[in-house]
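Each chain, written out:
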Amino acid sequence: MDSACLLLHLRGELDGFRACLDGDLSVSVEHCGEWTLYDLAEHLGSSNLWAAAAVTERRGDHKPPPAPRDPAELTRWFDEASETLLKVLDTDPATEAWTFHPPHTVGFWQRRRTLEALVHRWDAEHALGTTRPLDPELAGEGVAEVFDTLAPRQVARGRVHPPRSALRLEATDTGTSWTYGPGTPVATLAAPAEQLLLLLWGRMPRTSGIFDWTGDRRAGLATLADTPTP
């Protein structure tokens, strides 16, 4: 997915999240520990500013100030953070930037921030009971990112164990497939790209009936035993 397409999706996902801020900010966000919607908004807005600083200042230790508590001020703050990020990322994706994983370019953040916004837009809408579908191609990009960026980082930091065997995932709506783990896949897991992404991000149970398994299902589930996302 090219940078222009990612930036278009990024604006759309941030707008979708921002619309949720008109709802109950005290509502719990099911898959984010003890966070409320306010906490999730502060996380997404602050991490957008952190990523912007990673590009403009080429460092990863920027600490944005806390988000305002007043709902109207929070919305303005989130809008400003979104526009700051979008402006910074609207440049050549090959431009050098600080990142926590290769490539060390703006293109990394164009992809990472879009996919972060995608998952958290779903979180916010899910919390409010207004969930909309994920774009299949963008969800597939998210699955790819889990395997080429997030899982390797989790393993390198000792947060999860490396998989002992390979699992093949197939997106039934886009025809795309991915393999995670060493060697020949011991099992195949098929579902629409949206459900595969939500599974990898711990938003869906591995035992859901929407997933179609072939091969050694037990070994495939073992490959996914450690959630490969932060």
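So, a few notes on the structure that sits alongside this text.

Rules used throughout
- Residues numbered from 1 in each chain as written.
- Predicted model: local features only at pLDDT ≥ 70, side-chain atom pairs only at ≥ 80, totals over all residues.
- Heavy atoms only, no water.
- Helix = DSSP H or I, 4+ residues; strand = E, 2+ residues; numbered from the N terminus.
- Rg over C-alpha atoms; globule rule 2.2 N^0.38 Å.
- Buried < 20%, exposed > 50% of the residue type's maximum accessible area, 1.4 Å probe, protein only.
- Contact = heavy atoms within 4.5 Å.
- Areas by Shrake-Rupley, 256 points an atom, 1.4 Å probe, with all protein chains shown as cover.
- Lys, Arg positive; Asp, Glu negative; His and termini not counted.
- Charge placed at Lys NZ, Arg CZ, Asp CG, Glu CD.
- Phe/Tyr/Trp six-rings, centres within 6.5 Å; stacked < 30°, edge-to-face > 60°.
- Lys NZ or Arg CZ within 6 Å of the ring centre and 35° of its normal.
- Pairing = 2+ DSSP bridges.
- Core = buried A, V, L, I, M, F, W, Y, C linked by side-chain atoms within 4.5 Å.
- 1 Å grid on protein atoms, 1.4 Å probe; cavity = no way out; pocket = protein on both sides within 12 Å on 5 of 7 lines; lining within 4 Å.
- Points joined across faces, edges and corners; volume = space filled by probe spheres on them.
- Nonpolar A, V, L, I, M, F, W, Y, C, P; charged D, E, K, R; others polar.
- Expected span 1.5 Å × (residues − 1).
- Disulfide = S-S within 2.5 Å.
- Axes fitted to C-alpha atoms, helices over the stretch in contact; angles between N-to-C directions.

1. Re the overall build of the protein chain
Helices and strands together make up the secondary structure of the protein chain, namely 7 helices and 4 strands. Mapped in sequence order, the helices and strands of the protein chain form the string α-α-α-α-α-β-β-β-α-β-α. For 230 residues, the compact-globule estimate of 2.2 N^0.38 gives 17 Å, and the protein chain sits close to it at 18 Å. Principal axes of the C-alpha set define a box for the protein chain whose edges measure 50 × 40 × 30 Å. Out of the 230 residues in the protein chain, the part that is buried amounts to 50%. Expressed as a percentage of contacts within the protein chain between residues at least 6 apart in sequence, the contacts between residues at least 24 apart total 59%. For the protein chain, the computed accessible surface area is about 10700 Å², with 51% contributed by carbon and sulfur atoms. With 22 positive and 33 negative side-chain charges, the protein chain shows a spacing of 6 Å between the two charge centroids.

2. Focus: the packing of aromatic side chains
Two descriptors summarise a pair of aromatic rings, namely the distance from one centre to the other and the angle between the planes of the rings. Within this structure, the stated rule accounts for 8 aromatic pairs. Through successive ring pairs, a cluster of aromatic residues spans Trp50, Trp98, Phe100, Phe108 and Trp109. Note that Arg153 overlies the ring of Phe100, its terminal NZ or CZ placed 4.2 Å from the centroid.

3. Some points on the pairing of strand S3 (residues 185–191)
Counting buried positions along S3 gives 5 out of 7 residues, so the element sits mostly inside the fold. In terms of strand pairing, strand S1 (residues 166–171) meets S3 through 6 bridges, oriented parallel. Bridging across to S3, Ala166 finds its partner in Pro185. Pairing of S3 with strand S4 (residues 212–215), which is carried by 4 bridges, proceeds in the antiparallel orientation. The partner of Ala187 across the bridge, within S4, is Gly215.

4. Things to note about the nonpolar core
A general trend in soluble globular proteins is that nonpolar side chains are found buried together. Counting residues in each nonpolar core, the largest one holds 35 residues, and the members touching the most others are Leu10, Phe17, Leu89 and Trp109. If you list the elements that add at least two residues to this core, you get helix H1 (3–20), helix H2 (37–56), helix H3 (71–89) and helix H4 (106–128). Top contributing element to this core by residue count: H2, with 10 residues. Leu118, Leu138, Val146 and Met204 belong to the second-largest nonpolar core, a separate cluster that totals 33 residues.

5. Description of the layout of surface pockets
In this structure, the largest pocket spans a volume of roughly 440 Å³. Along the walls of the largest pocket sit 20 residues, with His43, Ser47, Arg113, Glu116 and Pro230 positioned nearest its centre. Counting residues per element, the ones that place at least two in the lining of the largest pocket are H2, H4 and helix H5 (136–156). The class makeup of the residues in the lining of the largest pocket is 9 nonpolar, 5 polar and 6 charged. The space that makes up the second largest pocket amounts to roughly 190 Å³. His161, Pro162, Pro163, Arg164, Ser165, Tyr180, Ala219, Ala222, Thr223, Ala225, Asp226 and Pro228 together form the lining of the second largest pocket. For the lining of the second largest pocket, the element with the most residues is helix H7 (residues 217–223), which contributes 3 residues. Broken down by class, the residue content of the lining of the second largest pocket amounts to 7 nonpolar, 3 polar and 2 charged.

6. Structural notes on H5
Between its first and last C-alpha atoms H5 spans 29 Å; for 21 residues at 1.5 Å apiece the expected length is 30 Å, and the two agree. Phi turns positive one or two residues past the end of H5, at Gly158, with a value near 75°.

7. Thoughts on the state of the cysteines
Scanning the entire structure with this criterion turns up 0 disulfides. No disulfide involves Cys20; its sulfur sits 12 Å from the nearest other cysteine sulfur, which is in Cys32. When its relative accessible area of 4% is taken as the criterion, Cys20 is described as buried.

8. Section: the sheet that holds strand S2 (residues 177–180)
Two pairing modes exist for strands in a sheet, parallel and antiparallel, and in both the strands are linked by backbone hydrogen bonds. Strand order in this open sheet of 4 strands is S2-S1-S3-S4, and the pairing throughout is mixed. Of all strands in the sheet, those bounded by a partner on one side alone are S2 and S4. Direction aside, neighbouring strands of the sheet carry axes that sit 20° apart on average. Relative to S2, S1 is paired through 4 bridges, and the arrangement is antiparallel. Paired with Arg168 across the strands is Thr179, a residue of S2.

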